[in-house]
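# A structural walkthrough
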Amino acid sequence: MYKKVYLEITNVCNLDCSFCHKTERKKKFLSEDEFTALIAKIREHTEYLYFHLMGEPLLHPKIGEFLKKATEIGFKSTVATNGLLIKEKEKELLSQPLYKITFSLHSYEANKMTIPLSEYLYNIIDFCKSAEENGTICVLRLWNEGGENTLNDEILNILKKEFTFTENRKGYSLSKKIYLEFAGKFTWPDKNAPKQEVHFCMGLRDHIGVLSDGSVVPCCLDADGEITLGNLLEEELSDIINKPRAQNIYKGFSENRCSENLCSRCEYATRFTKS
């Protein structure tokens, strides 16, 4: 069993974040039939379904129906979003028993936004307060430490007007189910990037990813499907993860070594590397 599985329901995004790797894959939205087939195959391998990889899940016209279907077969669903469409999708999301939603607040400063920062934030704040009443965990992320951080003070000033900050391990608890997390800015893995000292990773142990065309990848940072292990629309997940390539990746990290070119160029994975 995996702690979570990332499912990309679309690789299309409504922003152009400066920190994002982006993807050269063909633009796609999962059909309802494809989604239904994929979650049926994923369910026996995890209880937690993350609507996240590349793309903006709130762009999908069937996001509400997809969340409902996932809940019906026993998933605890998490949505990761830049938050720009949260007001438009509010009723649709609040009508679902959503387990968690995460907002990448650092996406605001990484784009030329037409909406004022205060409006952007209050749309998210209002949603979080309503979602909290439904029992949904809400996480506000500022994953830009080491970057420009040009708007962090403004963001914090607005949040402090609405919440009481209590320090925790990752940042602050703002309310019973609303949290603010900080993390460092990182460079996405790229097959042509400099090699890193990567000896271990949680990919294929803690989680896996499924791209919008059904491709199974070891983690949520394989933006272009460089390490495609199989296709879940055509195969079973148990068969895919038992193929030689997947097993070599798993065994390699068990032996404190990296077997894939892309993995060896992943800056993020260095934080998992065993000494």
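Structure shown above.
Notes on the structure follow. (Residues numbered from 1 in each chain as written. Predicted model: local features only at pLDDT ≥ 70, side-chain atom pairs only at ≥ 80, totals over all residues. Heavy atoms only, no water.)

A word on the overall build of the protein chain. Across its full length, the protein chain carries seven helices and 11 strands. Against the 2.2 N^0.38 benchmark of 19 Å for 275 residues, the protein chain shows a C-alpha radius of gyration of 19 Å, consistent with a compact globule. On the principal axes, the C-alpha backbone points of the protein chain span a range of 55 × 40 × 35 Å. For the protein chain, buried positions account for 52% of its 275 residues. Restricting the contact set of the protein chain to residue pairs at least 6 apart, pairs at least 24 apart contribute 69%. Roughly 13100 Å² of accessible area belongs to the protein chain as shown, and the carbon and sulfur atoms make up 47% of that amount. Charge-centre separation for the protein chain: the mean point of 37 positive side chains lies 3 Å from the mean point of 40 negative side chains. (Helix = DSSP H or I, 4+ residues; strand = E, 2+ residues; numbered from the N terminus. Rg over C-alpha atoms; globule rule 2.2 N^0.38 Å. Buried < 20%, exposed > 50% of the residue type's maximum accessible area, 1.4 Å probe, protein only. Contact = heavy atoms within 4.5 Å. Areas by Shrake-Rupley, 256 points an atom, 1.4 Å probe, with all protein chains shown as cover. Lys, Arg positive; Asp, Glu negative; His and termini not counted. Charge placed at Lys NZ, Arg CZ, Asp CG, Glu CD.)

All chains considered together, the criterion is met by nine aromatic pairs. For the pair Phe-103 and Phe-127, a centre-to-centre distance of 6.1 Å together with 70° between the ring planes defines the contact as edge-to-face. Placement of the pair is Phe-103 in strand β4 (residues 100-104) and Phe-127 in helix α4 (residues 117-133), with a sequence separation of 24 residues. Comparing Phe-103 with Phe-127, the two get one shared label, buried. Considering the side-chain rings of Phe-200 and Phe-253, the 6.4 Å spacing of their centres and the 75° angle between planes classify their relative orientation as edge-to-face. With Phe-200 in the loop between β8 (178-184) and β9 (207-210) and Phe-253 in helix α7 (residues 244-254), this residue pair connects regions lying 53 residues apart in the sequence. Overall, Phe-253 belongs to the buried group, its relative accessible area being 2%. (Phe/Tyr/Trp six-rings, centres within 6.5 Å; stacked < 30°, edge-to-face > 60°.)

Turning our eyes to something else, we now look at empty space enclosed by the protein. Counted according to the given criterion, the structure contains one cavity of 30 Å³ or more. Computed from the structure, the largest cavity encloses a volume of approximately 30 Å³. In terms of lining, the largest cavity is formed by Leu-7, Glu-8, Ile-9, Thr-10, Phe-51, His-52, Leu-53, Met-54 and Pro-57. When the residues that make up the lining of the largest cavity are grouped by side-chain class, the tally is six nonpolar, two polar and one charged. (1 Å grid on protein atoms, 1.4 Å probe; cavity = no way out; pocket = protein on both sides within 12 Å on 5 of 7 lines; lining within 4 Å. Points joined across faces, edges and corners; volume = space filled by probe spheres on them. Nonpolar A, V, L, I, M, F, W, Y, C, P; charged D, E, K, R; others polar.)

To continue, consider the packing of α4 against helix α5 (residues 152-162). Where α4 contacts α5, the two axes come as close as 11 Å, and the packing angle between them is 40°. With respect to their mutual orientation, α4 and α5 come out oblique. Once α4 is placed against α5, the crossing between them reads as right-handed. For the pair α4 and α5, the contacting residues are Leu-117, Ser-118, Leu-121, Tyr-122, Ile-125 and Lys-129 in the first and Glu-154, Ile-155, Ile-158, Leu-159, Lys-161 and Glu-162 in the second. (Axes fitted to C-alpha atoms, helices over the stretch in contact; angles between N-to-C directions. Parallel < 35°, antiparallel > 145°, perpendicular 65-115°, else oblique. Left-handed = near helix turned anticlockwise from the far one by under 90°.)

For the rest of this paragraph, the subject is the sheet that holds strand β6 (residues 166-167). With mixed pairing, the 11 strands of this open sheet are ordered in space as β6-β7-β8-β5-β4-β3-β2-β1-β9-β10-β11. Lying at the two open borders of the sheet, with one neighbouring strand each, are β6 and β11 (230-231). Here β4 runs beside strand β5 (residues 137-145); their pairing, made up of five bridges, is parallel. Its bridge partner lying in β5, Ser-104 is registered against Arg-141. Packing against the sheet, helix α1 (residues 32-43) makes contact with β1 (4-7), β2 (48-51) and β9, and its axis sits at approximately 165° to β1. (Pairing = 2+ DSSP bridges.)

Turning our eyes to something else, we now look at the packing of helix α3 (residues 86-94) against α4. Relative placement of two packed helices is described by the angle separating their axes and the distance separating the axes. Two numbers describe how α3 lies on α4: the axes approach to 10 Å, and their chain directions differ by 10°. Comparing their axes, α4 and α3 come out roughly parallel. From α3, Ile-86, Lys-87, Glu-90, Leu-93 and Leu-94 reach across to α4, where they touch Asn-123, Ile-124, Asp-126, Phe-127, Ser-130 and Ala-131. Split by residue class, the contact of α3 with α4 holds six nonpolar, two polar and three charged.

Moving on to the environment of Leu-142. With respect to the helices, strands and loops of the structure, Leu-142 is situated in strand β5. The sequence separation of Leu-142 and Lys-69 amounts to 73 residues, and the corresponding C-alpha distance is 31 Å. Once you skip the residues sitting within four places of it in the chain, Leu-142 turns out to touch Leu-105, His-106, Asn-152, Ile-155, Leu-180, Glu-181, Phe-182 and Ala-183.

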